[in-house]
Structures are given as C-alpha cells and as structure tokens.
Amino acid sequence: MKIGYAQTVLTPALDRPVFLAGFGNNRRAENIHDDLFARVLSISDGSTTLVLCALDLIGFFQVDVQAILKMLASDQVFKQANPHVVIASTHTHHGPDTMGLWGPDQKTRGVDEEWLNLIKPRIVTTILTALADMRTARVRFTSVHVPGVAKNARNPEIVDDELTLAQFVAEDGNPLVTLFDFPCHPEVLWDHNPSITADYPGFLRAEVEKITAAPCIFFSGALGGMMTPDVRDHSFDESQVMGTRLAQEGLRALAGLAAEPVMIQYQTKIIKARLTNILYKLAFIRKLLPDIRDKAGRVTSQVGLLRIGGLWLVTVPGEMLPKLGLAVKQDLLKAGAQVAGVIGLANDELGYILPAEDFKYPWNPFNPGNHYEETNSIGKEIGPSVMAGIGSLL
Ligand SMILES: [Zn+2]
C-alpha cells in the first residue's frame, strides 16, 4: 500500500469584498485568523487508487467537482493512476461563500467567481502532487467517543460524539498522515465573527501536526440537524480547546495500535431525489444557486462506500442528520466493518439529509422554528434516497 499527501492554501485575499458563508447575509471578512486549505490524501493498494480531498469551505457543488475532474482528466499522471476522487468540504462557517446564498443582500449572489475559478486549478495541482509522490505505508484505524464537545440543537437526545480515525505510517513506524472525521458544524466562532478561520478543525489539525510531526486531514461526518459545538462565548479560545481536545483524544486512541497494509475499495451509486423546497426554487429564480433540476424536478447526485481495510466510510452529498449517521454506522458494522464513519458534504452539498419521519416543512419557511433544517434541504426524498443508495452498496 502506498500513500501521498499535498496541501495548498485557499484563503482569499481581502483586497476585494469577501462574503462569509453560513448564518446571514452581508457578513464581510475583515481579517484572516488562520488559513483555509485544500488537503489531499492519495491511497493506493496497487490496483485501486483513491484521492480524498478536504476543502475548508462551506460546500462545493457537484458542478464544481466535475469542473475539477475535467481538468484532471487531461493529465497523464492522473490518467495512469485513474483514481476515484472524493472532494468534501469541512463546512466551515468562516470562509468565503462558495454556494451563493450569503451575498450583501438576499437577492445578490455572494460568490466571487474569479476567486472560485482561481482555486480550482490549484486544487487540481494539489491532487496531482499527492498522486505523483507516493510512498509505502501501513494504516491503523479506530474510533473513540469524545463526550461534551458537541451537542444536538434540534434533537438534544440524539448525539453522535464519535471520532473516526486513521493514521498512515511509514515502514519505520513514523506517522505520515493522520485522518480525523467528526460530526459537528465548524461554527464555534458563530455569526458575529469577521475573521476567516477553519474553526475547530484548524486547531485540531495544528495540534495533531505538532504531536505527530506529520500532516493531518480533517473531514466532517454526519453533522446535520444540528450538531454544533457545545460552547458559551463563541471565542477562539473555545475553538482551540475543542480542536485540541479532539486531537489529543484521537491520537491517544490510535497510539499503540498495530498498523498494516490493507486493500482499498470505493464504489458509488447514483441517487435521485425530487427538489420541493420553495426556498431553493426562489434561489434559482434569483440566480443565487445553479438550477440543478432535471425536467422532472429531480436532482441527481451520488453516495459512496469507501473501504480502507476494515475502516468503512460512506460518502454522502450533504449534511446528514446524526440519527441517520448513527444508523448508517450500525449498518456498516453489521455488514463487516471494524470501524465505521461518514464523510459528509462529499462531491456535492445538497443541504440537510433528514430522516423522512422527522421531515416537516414549516408553514412559514422564513420563520421555521424547530424545522430550520427542512428549509435548507432539497426535500423529503433525499434522506430515503441516500439511505437506499448506501443500502444497495452494502
Ligand atoms: Zn450546515
């Protein structure tokens, strides 16, 4: 088994207006607290190659992922490796708008297209770099519960506080790359924060890198409705405490585990779901979002099942609610996984992925009360469709 790694900074310059994504409109970035990254891990077992890319962004649509795949397709190194590619967003709420919903007002798109077009070739180069320089590795993996850092603001009784972990090591045992996956919105800093930051995953990665002297890649798990940091002041101190604690507990769980070379596998399944949310339709009319519907009003996306030996991760095209995330992990373990996890916002961002029985579209979507997640979801069909897709992969 071989792995490669590369990263690049995505942070936009502040010489032009940068609208921060998440929360409300017209949140302009005033300064940069810490950089936003594209981080890429490539893994190959000799027959299958996989590229895992994590972006410190609110979300990255399928159309943007396809633009990157198109650029990659013309490269000889890429053609030869012929890898599966997963591009996922961490969903930080303190980076530039990459979707369109958070411009200066509710009728103006917040995306700086020039910057978005600038980062795509940089992500391509980073992926190619990770594929070009691969070295022999083994992997250890596990998971650990870290209670008290995250809460569920929608259904307090349903909390997923499990870190899913993998560490790739060289033949001499030294760490090469550590992978962390945790289901919680990167929004410690909350809506008043004018600083660009990767939020707690940034602090998490810094701590892991300090301890292991090797890069760390972070993915967000089933962070939907509404896994959020359990903090009081929404401060950088709290963001650091959360990131540092997760880093230390994760590394402690990995310490001493045997590492071995493993086979990898990635299968995907196309899914379809009807788009019924009136707010999305309004955003299409206002040209805030690209209209992704087919003639029947349906959206096409994909789910995936990734196996790194006994570590099985499903990839889902949005923000899965923890109830579904917990169910999926149980299904994976039943099907033979030793360790299970979810990579959210993978190769798409269709908003919240809710269990059908919990889906209740509010009478007034502008004042949704306890049903905010439904107003940021394409519709009721996406949850069952994602679950059916994963079911067929298993
Ligand atoms: Zn969200």
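Residues numbered from 1 in each chain as written. Predicted model: local features only at pLDDT ≥ 70, side-chain atom pairs only at ≥ 80, totals over all residues.

Would you mind going over the overall build of the protein with me for this structure?
A count of helices and strands for the protein gives 8 helices and 19 strands. Here the C-alpha radius of gyration of the protein, 19 Å, is about what a compact globule of 394 residues would show, namely 21 Å. Seen along its three principal axes, the alpha-carbon backbone of the protein occupies a region of about 60 × 45 × 45 Å. The buried share of the protein, reckoned over its 394 residues, is 51%. Summarising the internal contacts of the protein: among those between residues at least 6 apart in sequence, 80% fall at separations of at least 24. (Helix = DSSP H or I, 4+ residues; strand = E, 2+ residues; numbered from the N terminus. Rg over C-alpha atoms; globule rule 2.2 N^0.38 Å. Buried ≥ 20, exposed ≤ 12 C-beta atoms within 10 Å, placed from the backbone. Contact = placed C-beta atoms within 7 Å.)

Explain the sheet that holds strand β16 (residues 311-315) to me, please; I cannot follow it from the model alone.
Strands pair in a sheet through their backbones, by hydrogen bonds, and they do so in one of two ways: parallel or antiparallel. Spatially, 4 strands are ordered β14-β15-β16-β18 in an open sheet, and the strand pairing comes out mixed. The open sheet has two edge strands with one neighbour each: β14 (264-274) and β18 (339-343). Taking each pair of neighbouring strands and ignoring which way they run, the sheet shows an average axis angle of 15 degrees. Both β14 and strand β15 (residues 298-308) contribute to a ladder of 11 bridges, which runs antiparallel. Bridging from a neighbouring strand, R274 pairs with R298 of β15. In the packing of helix α7 (residues 322-334) onto the sheet, the strands contacted are β16 and β18, and the crossing angle to β18 comes to about 140 degrees. (Pairing = 2+ DSSP bridges. Axes fitted to C-alpha atoms, helices over the stretch in contact; angles between N-to-C directions.)

It is not clear to me how the domain arrangement of the protein should be interpreted in this structure. Could you clarify?
It is common to report an interface's size as the accessible area lost on association of the parts. In terms of domains, the protein is made up of domain 1 (1-262 + 316-337) and domain 2 (264-315 + 338-393). Of the residues lining the interface, 53 residues belong to domain 1; the matching set on domain 2 comes to 45 residues. Tallying contributions element by element places α7 first for the side of domain 1 that touches domain 2, with 7 residues. Here the side of domain 1 that touches domain 2 is composed, by residue class, of 29 nonpolar, 16 polar and 8 charged. (Domains from an automatic or database assignment. Nonpolar A, V, L, I, M, F, W, Y, C, P; charged D, E, K, R; others polar.)

Quick question: what am I supposed to make of the packing of helix α1 (residues 62-73) against helix α3 (residues 113-132) here?
Each pair of packed helices gets described by two things: the angle between the helix axes and the distance between those axes. Relative to each other, α1 and α3 sit at 55 degrees, their axes nearing to 9 Å. Relative to α3, α1 is oriented oblique. Of the two elements, α1 crosses α3, and the hand of that crossing is right-handed. Residues A67, I68, M71 and L72 of α1 touch α3, and the partners they reach there are K120, P121, I123, V124 and I127. Its residues assigned to classes, the contact of α1 with α3 comprises 8 nonpolar, no polar and 1 charged. (Parallel < 35°, antiparallel > 145°, perpendicular 65-115°, else oblique. Left-handed = near helix turned anticlockwise from the far one by under 90°.)

How do you make sense of the nonpolar core when you look at a structure like this?
Soluble globular proteins tend to bury their nonpolar side chains together. Counting 118 residues, the largest nonpolar core has L41, C53 and I127 as the members making the most contacts within it. If you count residues domain by domain, this core takes at least three from each of domain 1 (1-262 + 316-337) and domain 2 (264-315 + 338-393). Excluding its chain neighbours within four sequence positions, the residues that come into contact with I127 are V40, V51, C53 and L72. (Core = buried A, V, L, I, M, F, W, Y, C linked by C-beta atoms within 7 Å.)

Before we go on, may I ask you to explain unusual backbone geometry in this structure?
Among all residues save glycine, negative phi is the norm, and among peptide bonds the norm is trans. Put simply, G225 and M226 share a cis peptide bond, and its omega is -5 degrees. Structurally, M226 is set in the loop between β12 (216-220) and β13 (227-229). For K287, which is not glycine, the phi torsion reads 60 degrees and is therefore positive. Here K287 falls in the exposed class, since 12 other C-beta atoms lie within 10 Å of it. Backbone geometry places L345, a non-glycine residue, at a positive phi of 50 degrees.

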